[in-house]
Amino acid sequence: MSITSIAEDLPGWAQRDPDRTAVIVGDRDVSFAELDGLTGRLAAGLREQGVQRGDRVGLMLPNGIDAVVAIEATLRAGAAIMPINPTAKHDRVADLLRRSEAAMLLCDEGSAAEASRAVDAVDGVPCFSSLGQLSSDAAEPHEVPAEADLAALMHTSGSTGGPKGVMHSHGGLGFVTGSIIEYLELGPEDRVLNLLPLSFGYGLTHLLICLRSGATLVLEPGVGLPGRIVKLLEEREITGLPGVPTVFALLLTLRGLAERPLPDLRFLTNAGAALPTPALEDVRRTFPNAELYSMYGQTECIRTCYLPPDQLDVRPGSVGVAIPGTETWIEDDEGNVLGPGETGELIVRGPHVMQGYWRDPEATAPRVREGRTAGERVLASNDIFRTDEEGYLYFVSRRDDIIKSRGEKVPPREVEEAIHADPGVHEVAVVGVPDRLLGEAVHAHVSAKEGIELDPLALKRRCAEQLEDYMVPQQVVIHDQLPRNNNGKIDRLLLAQG
Amino acid sequence: MTEATTDVRADMRSFLEENFLYMHPNVELKDGDDFLAQGIIDSLGFVELVEEVQTRYGLTIDDVEITEENFGSIDAIAKFVSAKQS
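Residues numbered from 1 in each chain as written. Chains lettered and ligands numbered in written order. Predicted model: local features only at pLDDT ≥ 70, side-chain atom pairs only at ≥ 80, totals over all residues. Heavy atoms only, no water.

**Digging into the overall build of chain B**
Stated precisely, the cut-off is as follows: Counting from the N terminus, the helices are DSSP H or I runs at least four residues long and the strands are E runs at least two residues long. Between the two quantities, the radius of gyration covers C-alpha atoms and the globule rule is 2.2 Å times the number of residues to the power 0.38. Only protein chains enter the accessibility calculation, which uses a 1.4 Å probe; a residue is then buried when its area is under 20% of its type maximum, exposed when over 50%, and partly exposed in between. Residue contacts are counted whenever heavy atoms from the two residues lie within 4.5 Å of one another.
Regarding its fold elements, chain B presents five helices and zero strands. Counting from the amino terminus, chain B carries its helices and strands in the arrangement α-α-α-α-α. For a compact globule of 86 residues, the expected C-alpha radius of gyration is about 12 Å, and chain B comes in at 12 Å, within 12% of that figure. On the principal axes, the C-alpha backbone points of chain B span a range of 35 × 30 × 20 Å. When burial is assessed residue by residue, chain B has 49% of its 86 residues classed as buried. In chain B, once contacts between residues fewer than 6 apart in sequence are set aside, the share between residues at least 24 apart is 53%.

**What about the packing of aromatic side chains?**
The geometry of two aromatic rings is summed up by the distance between their centres and the angle between their planes. Residue and element names in this part refer to chain A. For clarity, the threshold we go by: In this scheme Phe, Tyr and Trp rings, the latter by its six-membered ring, pair at centre separations within 6.5 Å, and the angle between planes marks the pair as stacked below 30 degrees, edge-to-face above 60, and tilted otherwise. Whether a charge sits over a ring depends on NZ of Lys or CZ of Arg being within 6 Å of the ring centre and within 35 degrees of the ring normal.
Applying the stated rule across the entire model yields 12 aromatic pairs over all chains. Judged by centre distance (6.2 Å) and plane angle (35°), the rings of Tyr 296 and Phe 395 are tilted. With Tyr 296 in strand 13 (residues 291–296) and Phe 395 in strand 21 (residues 393–398), this pair connects stretches of sequence that are 99 residues apart. A relative accessible area of 38% means that Phe 395 is categorised as partly exposed. Taken together, the ring pairs connect Tyr 183, Phe 267, Tyr 293 and Tyr 306 into an aromatic cluster. Here the guanidinium or amino end of Arg 16 rests over the ring plane of Trp 13, the centre of that ring lying 4.4 Å away.

**Here we look at the nonpolar core**
Operational definition: Here, nonpolar core means buried Ala, Val, Leu, Ile, Met, Phe, Trp, Tyr and Cys residues that are tied together by side-chain atoms lying within 4.5 Å of each other.
One finds Leu35(A), Leu106(A), Phe287(A), Leu49(B) and Phe71(B) to be the most contacted residues of the largest nonpolar core, which totals 128 residues. Considering each element in turn, this core owes the most residues, eight residues, to helix 3 (residues 65–76) of chain A. Those residues in contact with Phe287(A), other than ones at most four positions away along the chain, are Leu233(A), Leu251(A), Leu257(A), Leu262(A), Leu265(A) and Leu268(A).

**Concerning the confidence of the model for chain B**
Quick note on the threshold: Known as pLDDT, the predictor's confidence for each residue is given on a scale from 0 to 100.
With 97% of its residues at a pLDDT of at least 70, chain B reaches an overall mean of 92. Per-element averaging of pLDDT across chain B places helix 1 (residues 3–19) of chain B at the bottom with 88 and helix 4 (residues 68–71) of chain B at the top with 96.

**Structural notes on the packing of helix 7 (residues 170–184) of chain A against helix 8 (residues 201–213) of chain A**
All names here are of chain A. What counts is decided by this rule: Axes, fitted as lines to C-alpha atoms, cover a helix only where it is in contact. Angles between the N-to-C directions of the axes lie from 0 to 180 degrees. Should an angle fall under 35 degrees it is called roughly parallel, over 145 degrees roughly antiparallel, and 65 to 115 degrees roughly perpendicular, with every other angle called oblique. Residue type decides the class: Asp, Glu, Lys and Arg count as charged, Ala, Val, Leu, Ile, Met, Phe, Trp, Tyr, Cys and Pro as nonpolar, and the leftover types, Gly among them, as polar.
With their axes 9 Å apart at the nearest point, helix 7 and helix 8 run at an angle of 75° to one another. Taken as axis vectors, helix 7 and helix 8 run roughly perpendicular relative to one another. On helix 8, the residues that touch Leu 173, Gly 174, Thr 177, Gly 178, Ile 180, Ile 181 and Leu 184 of helix 7 are Thr 205, Leu 208, Ile 209, Arg 212 and Ser 213. When its residues are assigned to classes, the contact of helix 7 with helix 8 shows six nonpolar, five polar and one charged.

What follows is the structure, given as structure tokens:
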């Protein structure tokens, strides 16, 4: 059996059931046939503008019908999508365009100012802020991409070095899409409410699983004013709600939600960061009829494991077992496979493992290793896990110092660099502090150069001008000097205690 | 515009200035301006805003009331508070 490319899903449904609703955005219901038509015209337009098979197309679009069409059309044109957070600033966008040698950047009116400054800095990358400008009635591309063709270049942050471009093939994304559909038992009768950005791996998968299974994707720009989400759950008869802990924490602040029957809502999923046990219990009390899937994944393989909901009472802290069609185990630093209760690095085996980091063999080598059989690759997750006697997985810790805020990765170093750009700053340390809504809040601790008085609000504004929204510190604290540990280094552990 | 809604507008403006507007020194927020569209408040900010309105005016606010119609702008909040109080 061949693994179906994700580019074939939309035209398949458009042919089999053209009037079925594919995507709902606000009051607009878009059928598979209409979405297929929009996609075909944009794919033709991309080709006319010179986008070729294998090219990377930057997509800096907020959740909406344009984002869906741009993703599908890029894939249909045989090119790879490169999602960019629509709140990214021009320096970051330019850096990503340069690193990926992108052929084009698509944005919208809201992101056009930063996008155009970015392309000005990178010679020759055409940028379009309206898909209508690009769409064409010329014949659309027809060849189906090969399994090994690059489908997505998704950037992820590490403790050191710049952003790394995770490469996923059409086959790899097609495989993981099918695997997720299998364990969620997703079908054409489902309606999934997606509040997560499509520029974020976890958000993107919901588009892919809906287009493959024939489920309807109800797409919102974010949580926004949460009364609207409650109305959508009821009026759109939502069956599935994916979230990160922040989404659930926001919903749990709502009075009256727990009394609503919501008879259609059959499943919730959590990923991005773990739900603390009290929050997990609150979620289950608030949505008693829905099954909750605790999951874990990383950009390098999209999704790693899930806890079957019937196991939630048995082992509430577990993130479960490897997703269907894949395998996981735990190794020590010498590569020995560890048994129950022992902690070590989680290793992932399956067709969903990334092809590697874009043009970065040095960063790829320690993460994508040779597998047990010739030519096979396995992923070293860089995360520390243990298993129980029955083999269920438990997340223990990260190996790096990344902060998880709102379910997204915040590299402290990038925030520190933004603050250090202020000439009055002597030292800065950015740490994650437990937070009811954010999971971890970003706190920056700063000391000034002698004779300088720093304004914490000005430093916060500086961060907002340079960083994506989720990276901007909630608090900037000015110290006379930063605390030191016994080794004379800044005592980050002390600072992280808040 | 009644005296009460004028007060709500002034209260809200000072709350917004203290908590959100300092991050947007170039934005001159008018009473009818949409917080979300202007990028002044995100979903986490609305939690703070709703808590402030509940505490300050002693109101109980239901889940489905937290919408753009009731919390989307200073005008919307003034109208909502006055309707809840009457």
